[in-house]
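Chain by chain, the residues:
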Amino acid sequence: MTTLEHAMVGVDLVLAMGATRRYGWQLAAIAGIAATLPDWDGLPVLWSSRQFDRVHRAWGHGLLSCFLLAVVLAWIDSRYDLVTRLTRVGVRVLHVQIPETWQNQLQIRKIFNPKIGGVWFLTILMAAVSHPLCDALVSGGRGLPDWPIQIFWPFSTCGLVWPVFHWGDVGVTLILVGYLFAMLRWRSKTKPLALAAFLSIAGYAFLRYGMF
Ligand SMILES: [Zn+2]
């Protein structure tokens, strides 16, 4: 699955739970970021294709790595509100005009609340774990071999793969993008639309590939 699709799945998971009403847009944003981060193990592609083949879909894609990622990212973001700070910098640098009514959405959280830390941890863990699971569902096709995920790395190198969607299939991307636009258009229906996005993906898998 591509980085953009992983991010949209992470955001969609939070929106489907309706959690942004209580915890703010920052929770969906950090979930979107967390859902892309297990691909850090693909960085060796910059210097060695052999090393890339060996560690990608292993080091960052295991459940233990996702757990550690959630611990670190939840601590940093719930403590220092990194998402809001970076957004404020982006707004300033790009000279984006924020409507008066949205100004309070960019207030930096000043007080660390352990409950917020817990919510952030569980959300980031869920988003991070969605990454290897989605990668296991999108694999192979068009003459390409399946690429199993080493979900229990470093304890085991056994691979997990259930290639429901072929690599490069744009159907899932179009569904996720379409529903995100629908959520922007009908904001009061965000939660049911986010849920509908996942149901549509399941329906697409059934119609396109006869899976499930
Ligand atoms: Zn991946």
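See the structure shown above.
As a starting point, this report considers the structure included with it. Each chain carries its own residue numbering, running from 1 in the written order of its sequence. Given that the model is predicted, a residue must reach a pLDDT of at least 70 before its local features are reported, and side-chain atom pairs must reach 80 or more before they are shown or counted; all residues, however, enter totals for whole chains, interfaces and linings. To obtain the side-chain values, all non-hydrogen atoms of the structure were included, while hydrogens and water were left out.

### What about the coordination of the zinc ion?
Going by this rule: Distances decide who is a donor: an N, O or S atom must be within 2.8 Å of the metal, or within 3.2 Å for Na, K and Ca. Water is not included, so sites may look incomplete. Note on geometry labels: four donors, all angles 85 to 135 degrees, give tetrahedral; four donors become square planar and six octahedral when opposite donors are over 155 degrees apart and every other angle is between 65 and 115; remaining cases are irregular. Here a helix means four or more residues in a row that DSSP labels H or I, a strand means two or more in a row labelled E, and each is numbered from the N terminus. When accessible area is computed with a 1.4 Å probe and restricted to protein chains, residues below 20% of their type maximum are described as buried, those above 50% as exposed, and intermediate ones as partly exposed.
Surrounding the zinc ion are the protein donor atoms Asp39 (OD), His61 (NE2), His131 (NE2) and Asp135 (OD), at 2.0 to 2.3 Å. One can describe the donor arrangement at the zinc ion as irregular, given that its four donor atoms subtend angles of 90 to 175° at the metal. Look at where the donors of the zinc ion fall in the sequence and you get D-x21-H-x69-H-x3-D. Taken as a pair, His131 and Asp135 lie in helix α7 (residues 114-137) at a separation of four residues, close to a single helical turn. Asp135 carries the same exposure label as His131, and that label is buried.

### Focus on helix α6 (residues 82-94)
Filter applied, for reference: A helix is expected to reach a length of 1.5 Å times the quantity of its residues less one. Note: the arc covers the axis-to-C-beta directions of the helix. Note on contacts: a residue pair is in contact if any heavy atoms of the two residues lie within 4.5 Å.
Helix length check: α6 (13 residues) gives 18 Å between terminal C-alpha atoms against 18 Å at 1.5 Å per residue, within 8%. Those residues of α6 that fall on the buried side of the exposure criterion are Val83, Thr84 and Val91. Each buried residue of α6 lies within a common arc of 95° when the element is viewed along its axis, so the set occupies one face. Residues of α6 that are exposed and point more than 90 degrees away from the buried face comprise Leu86, Arg92 and Val93. Considering only its buried residues, α6 is in contact with α3 (25-34) and α5 (63-80). Positioned one or two residues after α6, His95 has a phi angle of 55°, which is positive.

### Considerations on α5
A turn of α-helix holds 3.6 residues, and therefore any two residues three or four places apart point the same way. Under the 1.5 Å per step criterion, the end-to-end length of α5 is 25 Å for 18 residues, consistent within 8% with the ideal 26 Å. Of the positions making up α5, those classed as buried are Ser65, Cys66, Leu69, Ala70, Leu73, Ala74, Asp77 and Ser78. Seen along its axis, α5 keeps its buried residues to an arc of 150°; they face one direction. Buried positions along α5 lie against α3, α6 and α7.

### A look at the packing of helix α1 (residues 3-17) against helix α9 (residues 190-209)
The relative placement of two packed helices comes down to the angle between their axes together with the axis-to-axis distance. Put simply, the test is: Note on definitions: angles span 0 to 180 degrees between N-to-C directions of axes, and those axes are lines fitted to C-alpha atoms, for helices only across the stretch in contact. When describing relative orientation, an angle under 35 degrees is termed roughly parallel and one over 145 degrees roughly antiparallel, while 65 to 115 degrees is termed roughly perpendicular and anything else oblique. Handedness of each helix crossing follows the sense of rotation of the near helix against the far helix: counterclockwise by less than a right angle gives left-handed, clockwise gives right-handed.
Between α1 and α9, whose axes approach to 7 Å, the crossing angle comes to 130°. Comparing their axes, α9 and α1 come out oblique. Note on packing geometry: the crossing formed by α1 with α9 is left-handed. Contact residues: α1 offers Val9, Asp12, Leu13, Leu15, Ala16 and Met17, while α9 offers Thr190, Lys191, Ala194, Leu195, Ala197 and Phe198.

### Brief notes about the packing of aromatic side chains
Inclusion rule: Only the six-membered ring of Trp is used, alongside the rings of Phe and Tyr, when aromatic pairs are assigned; centres must lie within 6.5 Å, and planes under 30 degrees apart are stacked while those over 60 apart are edge-to-face, with the rest tilted. Only when the NZ atom of a Lys or the CZ atom of an Arg is both within 6 Å of the ring centre and within 35 degrees of the ring normal do we say a charge sits over the ring.
Enumeration according to the criterion identifies six aromatic pairs in this entry. When the ring of Phe52 is compared with that of Trp147, the centres are 5.9 Å apart and the planes differ by 80°; the resulting orientation is edge-to-face. Pair noted here: Phe52 is in helix α4 (residues 49-55) and Trp147 is in the loop between α7 and α8 (171-185), with a separation of 95 residues, a long-range link. On the basis of relative accessibility, which here comes to 17%, the residue Phe52 falls in the buried class. Judged by centre distance (5.7 Å) and plane angle (85°), the rings of Phe67 and Phe121 are edge-to-face. One end of the pair, Phe67, is in helix α5; the other, Phe121, is in helix α7, and 54 residues separate them in sequence. Residue classification places Phe67 among the partly exposed residues on the basis of a relative accessible area of 39%. Taking the ring centre of Trp120 as reference, the NZ or CZ of Arg109 above it sits at 4.9 Å.

### Notes on the nonpolar core
Quick note on the threshold: Residues grouped as a nonpolar core are buried Ala, Val, Leu, Ile, Met, Phe, Trp, Tyr and Cys residues, joined through side-chain atoms within 4.5 Å.
Val14, Leu27, Ile30, Trp120 and Ile124 are the most contacted members of the largest nonpolar core, which has 23 residues in total. Elements supplying a minimum of two residues to this core: α1, α3, α5, α7, α8 and α9. When sequence neighbours within four positions are dropped, the list of residues in contact with Ile124 reads Ile30, Ala34, Ala70, Leu73 and Ala74. Within the second largest apolar cluster, 14 residues are counted, among which are Met8, Val172, Leu176 and Ala205.

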